[in-house]
Amino acid sequence: MQRIVECVANFSEGRRTEVLGEIVAAISSAKSVAVLGWESDVDHNRSVVSFAGEPAAVVEAAFAGIQIAAALIDMNCHSGQHPRIGAADVLPFVPLYNVSMADCVRLARALGTRVGKELRIPVFLYGEAALRDRNRKLANIRRGGYERLRECNELSDERRPDFGPRVMGNAGACAIGARDILIAFNVYLSTDDVAVARRIARAVRESSGGLPHLMALGFSVKGSAQVSMNLTNYRITSIHRALEAVRQEAQRLGVAVAGTELIGLAPKAALAATEASYVQIDNFSLERVLEIQLARRFAPSSE
């Protein structure tokens, strides 16, 4: 019976296509692994690469991607709007077919051990793989970003890595975790005032008393104010519900929703619960549906 796990790797490079090309090539070279898609953002200076396959093979592919990113991305020269702590910034394992969350925790910890030992990169475990309660939330690890971690020659006891050295090199640190499916969904506003996006993000996100399982930040992207959201449990807070909350706040502040976009893939159940014309996903296509990508590459026996 086929076992498939997904890794959604975030790298701190969104401007040099040749660097992303080398990272994707390294990931693709792993046997029994398929790259499901990738995309970059110039303003965030960040790329997301989704790949899947047999658990052991996905770990090998993830290690290869981290190794190339560490060699080609110098965090001392990096600038971008999105919070980040390292060249290979975040790598979560997601259970898809015949793989449990416990399996993904083991994969994350195995990869973290190897990255810390062989590449000498500080590794923080997060999500279900976290060894400390504080690190379950990725935001706690990335608070202050790379610059704050770089301020100390050695990471303090409070922010000590789970694997690898306490001293950071040019590649920074890496967060490796295990989690459920997450939907990255961005909303563009009819204004270039990023303060408006930040006010809306603060109103709708869970940490500020908004919708459950919703993370949100405000950015300036492509000359427009953007509310960038992560839906960590789309069954409780759907794309439709998150967008409606943003729309209501935007209307209250005198602006409108100009358009939306998906980053990466989303399961068909999450998309079936939305109305395309209402959600205004400008970059939607069937290529964004997770099950379609998996069927093309692995033909899983069940959905």
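Look up: the structure comes first, before these words.
Residues numbered from 1 in each chain as written. Predicted model: local features only at pLDDT ≥ 70, side-chain atom pairs only at ≥ 80, totals over all residues. Heavy atoms only, no water.

## Observations regarding the sheet that holds strand β7 (residues 183–189)
The condition that has to hold: Between any two strands, at least two bridges found by DSSP are needed for them to pair. Put simply, DSSP H or I for four residues or longer makes a helix, DSSP E for two residues or longer makes a strand, and each gets a number counted from the N terminus. Angles here are taken between N-to-C directions and fall from 0 to 180 degrees, while the axes themselves are lines fitted to C-alpha atoms, restricted in helices to the stretch in contact. Any two residues whose heavy atoms approach within 4.5 Å are treated as being in contact.
The sheet built from four strands is open, its strands ordered β8-β9-β7-β10 with antiparallel pairing. The open sheet terminates on both sides in strands that have one partner only, identified here as β8 (214–221) and β10 (257–263). Across the sheet, the axes of successive neighbouring strands diverge by a mean angle of 20 degrees, strand direction being ignored. Pairing geometry for β7 and β10, over six bridges, is antiparallel. By the bridge assignment for β10, phenylalanine 185 is matched with leucine 262. Relative to the sheet, helix α6 (residues 194–204) contacts β7, β8 and β9 (224–231), its axis offset from that of β8 by approximately 175 degrees. Strands in contact with helix α7 (residues 239–252) are β7, β8, β9 and β10; relative to β7, the strand with the most contacts, it is inclined by about 25 degrees.

## Overview of helix α10 (residues 290–298)
Filter applied, for reference: Buried, partly exposed and exposed residues are distinguished by accessible area as a fraction of the type maximum, computed with a 1.4 Å probe on protein chains only: under 20%, between the cut-offs, and over 50%, respectively. Within this analysis, the arc is defined by the directions that extend from the helix axis to the C-beta atoms.
Among the residues making up α10, those that are buried are Leu290, Glu291, Gln293, Leu294 and Phe298. For α10, the buried positions fall inside an angular range of 160 degrees around the axis, keeping them on one side. Considering only its buried residues, α10 is in contact with β1 (4–11), β2 (33–41), β3 (46–53), β4 (88–97) and α8 (268–272). Directly after α10, the chain includes alanine 299, whose backbone phi takes a positive value near 45 degrees.

## Observations concerning the nonpolar core
Cut-off, in case you're wondering: Buried residues of nine kinds, namely Ala, Val, Leu, Ile, Met, Phe, Trp, Tyr and Cys, make up a nonpolar core once their side-chain atoms join them within 4.5 Å.
Counting residues in each nonpolar core, the largest one holds 55 residues, and the members touching the most others are Phe51, Ile66, Phe93, Leu111 and Ile176. Among the elements that make up this core, the one with the highest residue count is helix α2 (residues 55–72) (eight residues). With sequence-adjacent residues up to four places away left out, isoleucine 176 is seen in contact with Ile66, Leu91, Phe93, Ala108, Leu111, Gly112, Val115, Val123, Phe124, Leu125 and Tyr126. In this structure, Ile4, Leu96, Val227 and Phe298 belong to the second largest nonpolar core, which totals 43 residues.

## Here we look at the pairing of strand β5 (residues 123–127)
In summary, the side chains of a regular strand alternate between the two faces of the sheet. The element β5 is largely enclosed, with a buried count of five among its five residues. Bridge count between β5 and strand β6 (residues 174–178): five bridges; the pairing is parallel. Each bridged residue has a counterpart across the sheet, and for glycine 127 the counterpart in β6 is alanine 178.

## Topic: the sheet that holds β4
In space, the six strands of this open sheet follow the order β2-β3-β1-β4-β6-β5, with mixed pairing throughout. Edge positions in the sheet fall to β2 and β5, since each of these pairs with one other strand and no more. If you compare each strand with its neighbour and ignore which way they point, the axes differ by 20 degrees on average. Two strands pair when backbone bridges link them, and β4 and β6 are joined in this way by four bridges, in the parallel orientation. Counted as the bridge partner of phenylalanine 93 is alanine 178 from β6. Where helix α1 (residues 17–28) meets the sheet, it contacts β1, β2 and β3, and its direction lies at approximately 165 degrees from that of β2.

## Some points on the packing of α6 against α7
Stated formally: Put simply, angles under 35 degrees are roughly parallel, angles over 145 are roughly antiparallel, angles from 65 to 115 are roughly perpendicular, and the rest are oblique. What makes a crossing left-handed is the near helix being turned counterclockwise from the far one by less than a right angle; a clockwise turn instead makes it right-handed. Gly is put with the polar residues, along with every residue not named as nonpolar or charged; the nonpolar set is Ala, Val, Leu, Ile, Met, Phe, Trp, Tyr, Cys and Pro, and the charged set is Asp, Glu, Lys and Arg.
Their axes nearest at 9 Å, the elements α6 and α7 cross at an angle of 130 degrees. As summarised for this structure, α6 and α7 are arranged oblique, according to the angle between their axes. Handedness of the α6/α7 crossing: right-handed. Taking contact as the criterion, the partners of Ile200, Ala203 and Val204 in α6 are, on α7, Ala245, Val246, Glu249 and Ala250. When grouped by side-chain class, the residues that make up the contact of α6 with α7 number six nonpolar, no polar and one charged.

## Quick notes on the pattern of salt bridges
Rule in force here: When a carboxyl oxygen of Asp or Glu lies within 4 Å of a side-chain nitrogen of Lys or Arg, that pair is called a salt bridge.
As enumerated under the stated definition, the model contains 15 salt bridges in all. With a closest N to O distance of 3.4 Å, arginine 235 and aspartate 180 form a salt bridge. Of this pair, arginine 235 sits in the loop between β9 and α7 while aspartate 180 sits in the loop between β6 and β7; the two residues are 55 residues apart in sequence, bridging distant segments of the chain. You can call aspartate 180 partly exposed: its relative accessible area is 31%. The residue glutamate 249 makes a salt bridge to arginine 252 at a minimum N-O spacing of 2.8 Å. With glutamate 249 and arginine 252 both in helix α7, this residue pair falls three residues apart, about one helical turn. For arginine 252, a relative accessible area of 58% corresponds to the exposed category. Among the charged side chains, a salt-bridge network with shared partners connects Arg3, Asp103 and Arg106.

Read these as spatial facts, not as claims about activity.
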